[in-house]
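# Structural description and commentary
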Amino acid sequence: MLGWEFPPFINGGLGTACYGLTKAMDEQGIHVTFVLPKVVYGQYATHVNLLSPHSRTTPTSLKIAELKNVEFRTIDSPLEAYATPESYQKRIEDTIRQKQIAQGSLSPASQLFTAPDYGNNMYNEVHRYAALAVDLAANEQFDIVHAHDWMTYPAGIAVAAVSGRPLIVHVHSTEFDRSGEHVNQMIYDIERQGMQRAAKVIAVSHFTRSIIISRYGISGDKVEVVYNGVERSGNGNGEWPIADTGIRSDEKIVLFLGRITMQKGPEYFLYAAKKVLEVMSNVKFVMAGSGDLMHRSVELAAELGIGHKVLFTGFLRGPDVQKIYSMADLYVMPSVSEPFGIAPLEALDNDVPVIISKQSGVSEVLMHALKVDFWDVNEIANKIVAVLKYPPLEMTLRNHGNFEVRKLRWKDSAQKCVRIYEETLVAV
Amino acid sequence: MPSVCFYFQVHQPIRLRHYTVFDNNDQYFDDFKNASVCRKVANKCYLPANRLILDLIRRFDGRFKVAYSITGVLLEQLQRYSPEVVSTFDALAQSGCVEFLAETYYHSLSFLYSRDEFIEQINKHSEIINRFFGQTPRVFRNTELIYNNELACLISSMGRFDAIITEGADHILGTRSPNFLYQPKSCDNVKLLLKNYALSDDIAFRFSNRSWPEWPLTAEKFAGWISRINGNGNVVNLFMDYETFGEHQWEDTGIFNFVRHLPEKILQHPDNNFKTPGEVAQSFPTVDIVDVPHIISWADTERDLSAWLGNAMQSSAIHELYRLERNVKSTNDEKVISDWRKLQASDHFYYMCTKYFADGDVHKYFNPYDSPYDSYINFMNVLDNLQSRCSRPTNGGVLCSGREPNAAASVLDAG
């Protein structure tokens, strides 16, 4: 399996999904070799403490005793989930700068040429990664190559070709979800190539499947839908002292949790918040997460005159996520284009009713959630007010939703993947 | 010799428009949607079915008879949107072979929440049936055939009804057959007609189901089943939604053809005949007492109230609605009262049901909302607005009219 991030260092749904799926497969006795990228600052980090938010320890050194059948392999690479060519570029430049500082000299032009362990642009890096993956795979035994999202597709194609094993690509998101209509041609081409060369394509929802068929021209009988699941997590230990948060105990809390980026519709959340505050005043809106639109969102809240009612927590991890759910009265996901959306399932798991965008994959599986068109700010506000105002509504949504979520387990997703593996192997 | 007793329920609610917390006018109802639904059902069901029944009545020269129960809210809509349907019902009334039953004008669950309102609605309904069709109903059916011992006593105490119609549910009959007349517990001047749900549902639900062992159901086969009851029952009560003919069962299932041939096949056997509920009540004695301490209905497999009151949203919504009764009535504002009453239609609560919120279910076909939650939110927003109209100083009523604000002032000036 070619994938991303492992706990505790998870940046978003992609890492969560890989973890959930792998764990479920492990429980069914499937032997998984999990390959992920790992940045090496190594020789550049001598006497400078690099406090990069992306630094990570070797996953193999993490105690994942629970995963008995999973082995990890890493490939040194600055590739990371959700990167864009621009963010990759910036990352490389930062690394070069660190290298310069570590070496303590103004680097002559000659030192600026590409160091051997990463590509100078994302395209090169993705293919360099693929080459390294082939090397790594030469020493492994496996039946299937399963690649998650576009950055691993070239590696998947290469490994499959060299080993003669079939390739399965797992589409967690497409360029159209991430970038709207302004897709990056290079990324689109890589995505399409991956889908075409794969024996089977797995989509996380029918919503995504139809994008694959219509925008990428892939034949329908090659694309299967396997819904994501949710991990039943424990209760949050303790809470934040509420006095510190600036929220009064009689105030309702409406939560937005996710990357603050165009795809997630943060501005619709704020416009709806303003409408809600026209008719209700004892409510606070919390945006938990970080992203490229974070600053813009803070500004927008101020512009709309609701700055004092909107709180930003920054990125939340682990037990903090639990805590914020235990405080929330309602979770809102106004995504513009969401291939699946695991966060609402986590919210329901934590007894928080949800409002979700109809333009999402998860709206296909949830019955007991309020659904809206992401642009319909009036209706989002209408539904927020209704949930906060009518306890029977909130109660019924919460109870039925929590019950419904128990049926969406990674176990079922894993089983379905295994069935797809078996069908593919028979055909081979 | 079983008498076949047909009764058809005819009703459409007055549906709400999309009403958010930001709306604050008193236009609650979706006139456009209500008009289109009304016309659509008129064309697919009411008109062809009425014409067919009328034709059969004339052909069989008084031996074929049926009964209808039409709600007041539907009659209002038919008048506005499909008046030709009203004239076909008129023709049916004049044939002398059609009985009209009594029910609540607004198809409401008021029996459960306000006895006064319940009786007012029954009276209002009888009055409109009399006005339109020249009949004063003597047989009563409650909304969705909701019934218990108390209802029987209440209806009996009104003094103008001979019989009550309800569901022949297994748990009240035990091993007894619905093909006889029964007496309610502790009141003896009304009789009970119990629906034979097996035979009724064969027509209403199973008719077009190809995996049903008895498909296809022909008039001949069904008449055979009726005749077999000979000696084992007095009456076969076939009670169903009128929309069975054309809506629940589309024309291409052959439902109209089935009905067209049914009277002939049934009457072939000389011991069979057709009776209206009123005639049934007069013709046969009761054979036993039926005790119904807890409420029953004709809905879903449970035959109880869970379709309308099974979850917290439904019970709170209906509770809030009836809590407004006194305030609404004391406004003396006709429109406020009428709006409040239109909100009482049991359908509004049916839409909030989460019981069978799954694919392909009969609840969903007729549900104008995407989800039960949407219907609850809509209803409560409307109710909120209605409540605020009750607490405003009244400018409806006898003395003040909104149209002449200066009338009183000019009188004062002149004096």
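A quick note: this is a predicted structure, and the numbers were derived from the prediction, not measured. (Residues numbered from 1 in each chain as written. Chains lettered and ligands numbered in written order. Predicted model: local features only at pLDDT ≥ 70, side-chain atom pairs only at ≥ 80, totals over all residues.)

## Things to note about the overall build of chain B
Check the secondary structure of chain B and you find 19 helices and 10 strands. For a compact globule of 415 residues, the expected C-alpha radius of gyration is about 22 Å, and chain B comes in at 23 Å, within 12% of that figure. Here the C-alpha coordinates of chain B stretch approximately 80 × 45 × 40 Å along the principal axes. Counting over 415 residues, chain B shows a buried share of 46%. For chain B, long-range pairs separated by at least 24 residues make up 79% of all intrachain contacts whose partners lie at least 6 apart in sequence. (Helix = DSSP H or I, 4+ residues; strand = E, 2+ residues; numbered from the N terminus. Rg over C-alpha atoms; globule rule 2.2 N^0.38 Å. Buried ≥ 20, exposed ≤ 12 C-beta atoms within 10 Å, placed from the backbone. Contact = placed C-beta atoms within 7 Å.)

## Regarding the packing of helix H1 (residues 13–27) of chain A against helix H14 (residues 410–427) of chain A
Residues and elements named next belong to chain A. The N-to-C vectors of H1 and H14 enclose an angle of 75 degrees; their axes lie 8 Å apart at closest approach. For the element pair H1 / H14, the angle class is roughly perpendicular. Residues Gly20, Leu21, Lys23, Ala24 and Met25 of H1 touch H14, and the partners they reach there are Trp410, Lys411, Ser413, Ala414 and Cys417. Looking at the contact of H1 with H14 residue by residue, the class counts come to six nonpolar, two polar and two charged. (Axes fitted to C-alpha atoms, helices over the stretch in contact; angles between N-to-C directions. Parallel < 35°, antiparallel > 145°, perpendicular 65-115°, else oblique. Nonpolar A, V, L, I, M, F, W, Y, C, P; charged D, E, K, R; others polar.)

## Details of the domain arrangement of chain B
Residues and elements named next belong to chain B. Assigned domains within chain B: domain 1 (3–290) and domain 2 (307–391). The gap between the C-alpha centroids of domain 1 and domain 2 is 24 Å. Facing the 25 residues of domain 1 at the interface are 19 residues of domain 2. When its residues are assigned to classes, the side of domain 1 that touches domain 2 shows 11 nonpolar, eight polar and six charged. (Domains from an automatic or database assignment.)

## Let's talk about the sheet that holds strand S4 (residues 167–171) of chain A
Residues and elements named next belong to chain A. One open sheet holds the four strands; their spatial order is S3-S4-S5-S6, and the pairing between them is parallel. Only two strands of the sheet have a single neighbouring strand rather than two, namely strand S3 (145–148) and strand S6 (223–225). On average, each strand axis in the sheet is tilted by 25 degrees relative to the strand beside it, whichever way the strands run. Those strands touched by helix H4 (residues 153–163) are S3 and S4, and its axis lies near 170 degrees from that of S3. (Pairing = 2+ DSSP bridges.)

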